[in-house]
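The lines below spell out each chain.
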Amino acid sequence: MSDIKIAIVTANGTEERTVETGTRAWQLFVDNADVIAARVGDQLKDLSYELVDGDTVEGVAMASKDGRDILRHSCAHVLAQAVQEIFPEAKLGIGPPIDNGFYYDFDVETPFVPEDLEKIEARMKKIIKDNQKFSRRVTNDDDARVELADEPYKLELIGLKGSAAEAAEGASAEVGAGELTIYDNLNRNGETVWKDLCRGPHLPTTKRIPAFKLMRSAAAYWRGSEKNKQLQRVYGTAWESKEALEEYLHLLEEAERRDHRKLGKELDLFSFPDEIGSGLPVFHPKGGVIKRVMEDYVRQRHIEEGFSYVGTPHITKDGLFHTSGHLPYYADTMFPPMEFEGTNYQLKAMNCPMHNLIFSSRGRSYRELPLRLFEFGHVYRYEKSGVIHGLTRVRGFAQDDSHSYCTKEQAPAEVKHLLNFMLTVLRDFGLQDFYLELSTRDDSKKDKFVGSDEDWAVATQVLADVCAETGLDLVPDPGGAAFYGPKVSVQAKDAIGRTWQMGTVQYDFNQPKGFGLEYVGPDGTKHQPVMIHSAKFGSIERFFGVLLEHYAGAMPPWLAPVQVTAIPIAERHVDYLYDVAKQMNALGLRVEVDESDDRMQKKIRNAQLQKVPFMMIAGDDDVEKGAVSFRYRDGRQDNGVPIAEAIERVKAAVASREQV
RNA sequence: GCCGCGUUAACUCAGUUGGUCAGAGUGUCCGCCUUGUAAGCGGAAUGCCGUCGGUUCGAUUCCGACACGCGGCUCCA
C-alpha cells in the first residue's frame, strides 16, 4: 500500500504528514471529539472523506460557524425523516441551515398544528438515539430521477442543478454545482431507512446532535415565489451543547421581554386603534414626550449641520410622482389615488419630489450649493397587511428626511458629511456598534433601475469610497438599490446583539434630470446638480421602537417621559417634595410627585415598573437635613443627598444624555 | 397579498363538548391605614365574550365573511 502526503491545519500552524492511501479524514481527528467535519482546501467534507495526495485538511469543530451549519443541516434531515415517518405522504422541499437554526419545507395535505410538532420532535429524538449513519453516495441525474420519482420538488431541483443559487435561497444545500449526491441514513444493521438528495456534508451519525428544539411551523412559498404553492415550513434550532441551546432560548425570552409592542402598552406610550386602521399608530402623552425629544434633538442637529428646515404637504397631484419616476415603480405600495376636480391626488409616499420643487422654485447659483433641505416628512405607504409590525413597519410614518443638492464634485464630501453626521446622531442615542450595507443595482434586472451604466458606476463608487473611509465593516447588498440610485444604510447592533437598519444615504442622479433641476455655475452656464437623500433615523416610528427594545423600556433620563418620581415616606413630606419638584420643573426637568394614598413601598414598585430613572424619596431624616434620597432602577440607593446637589445630578444626567 | 393561529372587563388571562357561563388577578372608584426603599386592609363599579350574517327552539360556544392581532412567506423607496 502506498503512502500519500497531506497537510493538517491546526491552531498551531500547518503540519505535514504522510498517511496510507485510503486514510479517511476522521482518522486524523480521533483525539478530538469536537471535530465533526473536515475542511479540505476550501471545501467542507464529511469525516468519511477519503484523503488524496496533496490535501490540506483542517478539522471543523461543531461550535464554529461551519460546524453549526453542518449540525443544523443534519438536524433538518432528521426532521424530514421524522415527518415522512409520521406523514408518509409528505413531499420534501428544501431544508437548509439558517441563522440560529434550520428549517425544512414539506408539501402536506393538512398544515401542521403544534401537537404535530410535539410528535415530530419525539420521533426526531428516537432517530437521534438510533445513531443512524449519514452515508454519502454519488449518483447522476438519471439515476436520481428514478430514485426520487416520488419527490416532485427534488426532481425540480435536479433540473435546476448548477443554477441552484437562483433556484431558491437555501437550495444550494440540496444540490451543488458539481456532482449530485444522495445521503442515506443507515441503521445499525447497515440498512437504508431514509434518504435525501443532498450535497452535504453531514455529521457522521444522528447521535452527534447534542441539543435541538422545534420552534414553529408556518407556510412558505416554494422557491420563494408567491406565484408558487405554499409549503409547510417547520423551523427548529440546534446547538453544540444543551447549555448553548438554553442560552439561545434565553435570548429569545429576553427579546420577547423587550418587545416594543408590549412595552408600548405597559408604559402607556402608543397604541394602534382599530378604528384608525392597521399600521397607523397614535402616540400617548408619555410616548409623545419621547417622540418630541427625539424630534427636537434631530431638528436642532440638522440646523447645526447646515440644513434648512422646510415643510411640505401630505398629498399631491399624481403628476409629481410621474415626474419623479416613483409611480411606475412603486404604484403597488402607494395608496390608491383620490379623484376630485378631475384630478388624481396621491397620498405622499416620499418627500424628495416636493423638496425638488423647493429647489426649482427659483434660479439657483453654485454659490448656494450644497443646498440642504430637511423636514419631518409624513409619508403613507400601502404596506401589505401581512407585513405590518408594531412601530417598525407601519403605513404612516415620519421620515427625518433630508436632500442635499450639490455639484458632482461636491458629492463625495457631502456623502461623507451625511454619514458622519448620522453616526454622531446614533451614538448620542446610545447605539455604539455599527456596520454599513451598500445596496447596488442588480445588473441582470436593469429594467428595475433607471439611468446609464456610467452614472450608476460613478454613484456606486462614490458611496463605496466614503464607506471605506469610515473604517466600518461594509456588507454588499446587490440588487437592493432604489430605482434611482445606490444607497448606503447603517445597521446598528442593539443591547442584545440584534441588528437593525437605521438611516440611509442615497446618491441620486436621476431625479435632478427628471425635474430639470439646474444651477448656474461659475462659468455662467447651467448645470445639473446631483441630490443626496438621507434619513438619519430612517423613520421616527421605527427608531422609537428600536430604542425601546435597545433599552428594554428603561430610557436614559434625557429621553425618559418621567425623569423623576418623587415619593414621600408619609403624607407630611408631600409639600417638601413639591418644593424640590418645582425647582426641577423650572429647569425643564420632568418630575412627578406621587401623592396617591398607596404605601411608600407600593409607590416605589410603581415607579420601578414604569422604569423611571430617578426615584426621589424624602422622609423625616431627609427633611431635617434639607436632603432627598435617590433610588435607581437597579435598586441602587443614595440617601441624604442635599437638595441643590440632587437637582444638579438630575440636570447633569439629562444634559450628558447618559444612562443611569 | 398568501398560509396557519387567535380576538372574553382598561390590562393579563381562566371558562362554556350550544341551555343560571359572565369569572380571577391587576388597575379604577369609595372608605380605613400615614407608613424608610418592589404589592397594607375592606368594599364597589365595570363586559353586545371583535363586527356582521348564517345554522338552531336557543349561539360567547358551530359555520361564513369582514376587521384587528400574532408567527412565517413574499415585500420594505
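Just so we're clear, the structure is a prediction, and the values are computed from it rather than from any experiment.

S.K.: Which residues make up the overall build of chain A, and what are the values?
M.R.: If you tally the helices and strands in chain A, you get 19 helices and 33 strands. With respect to the principal axes defined by its C-alpha atoms, chain A has extents near 90 × 75 × 55 Å. Within the span of chain A, comprising 660 residues, buried residues form 50% of the whole. Contacts in chain A between residues far apart in sequence, at least 24 positions, make up 68% of those at least 6 positions apart. Here chain A carries 81 positive and 103 negative side-chain charges, and the mean point of each set is 1 Å from the other.

S.K.: For the layout of surface pockets, give the residues involved together with the corresponding values.
M.R.: Volume-wise, the largest pocket comes out at about 1500 Å³. Broken down by secondary-structure element, the contributors of at least two residues to the lining of the largest pocket are α10 (326-330), β21 (396-406), β22 (433-440), β24 (487-493), β25 (499-508) and β28 (530-539). It is β28 that provides the largest number of residues to the lining of the largest pocket, a total of six residues. Per-class residue counts for the lining of the largest pocket are 19 nonpolar, 17 polar and 11 charged.

S.K.: Describe the sheet that holds strand β18 (residues 338-340), with residues and values.
M.R.: Taken together, the three strands give an open sheet; going across it, the order is β17-β19-β18, and neighbouring strands pair in antiparallel fashion. Both outer strands of the open sheet, β17 (315-317) and β18, are each paired with one neighbouring strand and no more. When strand polarity is set aside, the average angle formed by the axes of neighbouring strands in this sheet is 35 degrees. Here β17 pairs with strand β19 (residues 343-347) via three bridges, running antiparallel. From the neighbouring strand, K317 faces β19, where its bridge partner is Y345.

S.K.: Could you give an account of the domain arrangement of chain A, with specific residues and numbers?
M.R.: Many analyses report the size of an interface as the accessible area lost when the parts associate. Partitioning chain A into structural domains gives domain 1 (3-61), domain 2 (65-253), domain 3 (305-551) and domain 4 (564-656). Using only C-alpha atoms to locate each centre, domain 1 and domain 2 end up separated by 26 Å. At the junction of the two partners, domain 1 supplies 11 residues and domain 2 supplies 10 residues. When domain 1 packs against domain 2, the two sides together hide about 810 Å² of surface, and 55% of this comes from carbon and sulfur. Looking only at domain 1, the three residues that lose the most surface to domain 2 are I36, L44 and D46, adding up to 63% of its buried area. Counting the contacts that link domain 1 with domain 2 gives one salt bridge. Salt-bridge contacts for D66 lead to R39; the nearest nitrogen and oxygen are separated by 2.3 Å.

S.K.: Lay out the nonpolar core in plain terms, naming residues and giving numbers.
M.R.: Within the largest apolar cluster, 83 residues are counted, with the highest numbers of intra-cluster contacts made by M294, F429, Y507, F543, M584 and M616. The greatest single-element share of this core, amounting to nine residues, is contributed by helix α12 (residues 411-428). When residues of this core are assigned to domains, at least three map to each of domain 3 (305-551) and domain 4 (564-656). The residues contacting F543, other than those within four sequence positions of it, are M294, L426, F429, L431, M502 and F537. Counting residues in each nonpolar core, the second largest holds 36 residues, with V60, I127, Y183 and V234 among its members.

About the criteria used
- Residues numbered from 1 in each chain as written.
- Chains lettered and ligands numbered in written order.
- Predicted model: local features only at pLDDT ≥ 70, side-chain atom pairs only at ≥ 80, totals over all residues.
- Heavy atoms only, no water.
- Helix = DSSP H or I, 4+ residues; strand = E, 2+ residues; numbered from the N terminus.
- Buried < 20%, exposed > 50% of the residue type's maximum accessible area, 1.4 Å probe, protein only.
- Contact = heavy atoms within 4.5 Å.
- Lys, Arg positive; Asp, Glu negative; His and termini not counted.
- Charge placed at Lys NZ, Arg CZ, Asp CG, Glu CD.
- 1 Å grid on protein atoms, 1.4 Å probe; cavity = no way out; pocket = protein on both sides within 12 Å on 5 of 7 lines; lining within 4 Å.
- Points joined across faces, edges and corners; volume = space filled by probe spheres on them.
- Nonpolar A, V, L, I, M, F, W, Y, C, P; charged D, E, K, R; others polar.
- Pairing = 2+ DSSP bridges.
- Axes fitted to C-alpha atoms, helices over the stretch in contact; angles between N-to-C directions.
- Domains from an automatic or database assignment.
- Buried area = accessible area lost by both parts, 1.4 Å probe.
- Salt bridge = Lys/Arg side-chain N within 4 Å of Asp/Glu carboxyl O.
- Core = buried A, V, L, I, M, F, W, Y, C linked by side-chain atoms within 4.5 Å.

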